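Listed below are the residues making up each chain.
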Amino acid sequence: MEAGGLEWLLVPMQQLVSWGAAGAMVFGGVVPYIPQYRDIRRTQNAEGFSTYVCLVLLVANILRILFWFGRHFESPLLWQSIIMIITMLLMLKLCTEVRVSNELNIKRRSFADFDLNYFWHWSKFTDYVQCVLTFTGVTGYITYLWLDSSLFVETLGFLAVFTEAMLGVPQLYRNYQNRSTEGMSVKMVLMWTSGDTFKTVYFILNQAPFQFSICGLLQVFVDIAILLQVYLYSYYPQKPVPHTAHPASTKAL
């Protein structure tokens, strides 16, 4: 009787924990960007945030969705990618509006110019959308042609998670260039670290494709490196290294 009673209690609890973990996976990835979004909106200044973070996450999650067609993985990971793509587009929209409003005299640049010198430095949000749609269309067509190749599918999965693992690198490099973390939301990086740690443990426990676990660990190491920059530049301020500013990159895009 006691064993039966405990089983009756434990099964619903295990189900609730499973649902909670799945919910955390789906929405947990976007939580770190809420304080950064609010800071940019409040200050009308996007200098401390690198929009290459958005580029990395858009590419990574588009590739992950395409990987799902070749090798189905857990639904929460698929929904996480969809939610993240929407979030990154919202971040790009805000950053573009803020930058353009602060730089009224700069020459307008568009995706249709096909000028690599100004790649991801465009003047309208619609140009970023066009770029994302073009990338999705091209990679989607290639995936459709090679979907029967297990080597291609596994490589696609590795590229997806490896690209995501490089998420913090643009911010890491930006901080290094500025010799400062001013304008970057420390809360965002702390949430990155906790979220990536949880995500990596989730991958391992749920036996996700091995690419997910390896790149999850790499992502945690990059997060820790950024936190070390916060400590270093806060307690040991350094003079910024002079470098030639790109006309379109004098402010964060």
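Structure: above.
Student: Outline helix α3 (residues 52-70), listing residues and values.
Tutor: Residues lying three or four places apart along an α-helix face the same way, a consequence of the helix completing one turn every 3.6 residues. Helix length check: α3, at 19 residues, gives a terminal C-alpha distance of 27 Å against a target of 27 Å (1.5 Å per residue), a fit within 8%. Summarising burial for α3: 14 of the 19 residues are buried, a large majority.

Student: Outline unusual backbone geometry, listing residues and values.
Tutor: Unusually for a residue other than glycine, Gln-44 sits at a positive phi of about 55°. Along the chain, the position of Gln-44 falls in the loop between α2 (33-43) and α3. By relative accessible area, which is 37% here, Gln-44 ends up partly exposed. The backbone of Trp-120 shows a phi angle near 65°, a positive value even though the residue is not glycine. Examined against the element boundaries, Trp-120 turns out to sit in the loop between α4 (75-102) and α5 (125-146). Since its relative accessible area comes to 1%, Trp-120 is described here as buried.

Student: Before we move on, can you summarise the pattern of salt bridges with the specific residues and values?
Tutor: Tallied over the full model, the rule gives six salt bridges. Glu-164 is the partner of Arg-64 in a salt bridge, and the nearest nitrogen-oxygen pair spans 2.7 Å. Of this pair, Arg-64 sits in helix α3 while Glu-164 is found in helix α6 (residues 150-165), placing the two residues 100 residues apart along the sequence. Here Arg-64 and Glu-164 have matching classes, each one buried. Lys-199 is the salt-bridge partner of Glu-164, the closest N and O atoms lying 2.9 Å from each other. With a gap of 35 residues between them, Glu-164 in helix α6 and Lys-199 in helix α8 (residues 186-205) connect regions that are remote in the sequence. For Glu-164, a relative accessible area of 6% translates into the label buried. Among the residues examined, Lys-199 registers a relative accessible area of 5% and is labelled buried. Each of Arg-64, Glu-164, Asp-196 and Lys-199 takes part in a single network of salt bridges with overlapping partners.

Student: Any details on the layout of surface pockets? Residues and values, ideally.
Tutor: Size it by volume and the second largest pocket reaches roughly 240 Å³. Looking at the second largest pocket, it is lined by 19 residues, and the ones nearest its centre are Gly-28, Gly-29, Gly-195, Asp-196 and Lys-199. Mapped by element, the contributors of at least two residues to the lining of the second largest pocket are α1 (2-28), α3, α4 and α8. Per-element accounting of the lining of the second largest pocket gives the leading share, six residues, to α8. For the lining of the second largest pocket, the per-class residue count stands at 10 nonpolar, six polar and three charged.

Student: Break down the side chain of Ser-123 for me, citing the residues and quoting the values.
Tutor: You can see Ser-123 is positioned in the loop between α4 and α5. There is a polar contact of 2.8 Å between the side chain of Ser-123 and the backbone nitrogen of Arg-109. For Ser-123, the residues in contact, after removing those within four places along its chain, are Thr-96, Arg-99, Val-100, Lys-107, Arg-108 and Arg-109.

Quick notes on the rules
- Residues numbered from 1 in each chain as written.
- Predicted model: local features only at pLDDT ≥ 70, side-chain atom pairs only at ≥ 80, totals over all residues.
- Heavy atoms only, no water.
- Helix = DSSP H or I, 4+ residues; strand = E, 2+ residues; numbered from the N terminus.
- Expected span 1.5 Å × (residues − 1).
- Buried < 20%, exposed > 50% of the residue type's maximum accessible area, 1.4 Å probe, protein only.
- Salt bridge = Lys/Arg side-chain N within 4 Å of Asp/Glu carboxyl O.
- 1 Å grid on protein atoms, 1.4 Å probe; cavity = no way out; pocket = protein on both sides within 12 Å on 5 of 7 lines; lining within 4 Å.
- Points joined across faces, edges and corners; volume = space filled by probe spheres on them.
- Nonpolar A, V, L, I, M, F, W, Y, C, P; charged D, E, K, R; others polar.
- Polar contact = N/O pair within 3.5 Å; in protein donor to acceptor, adjacent residues only side chain to side chain.
- Contact = heavy atoms within 4.5 Å.

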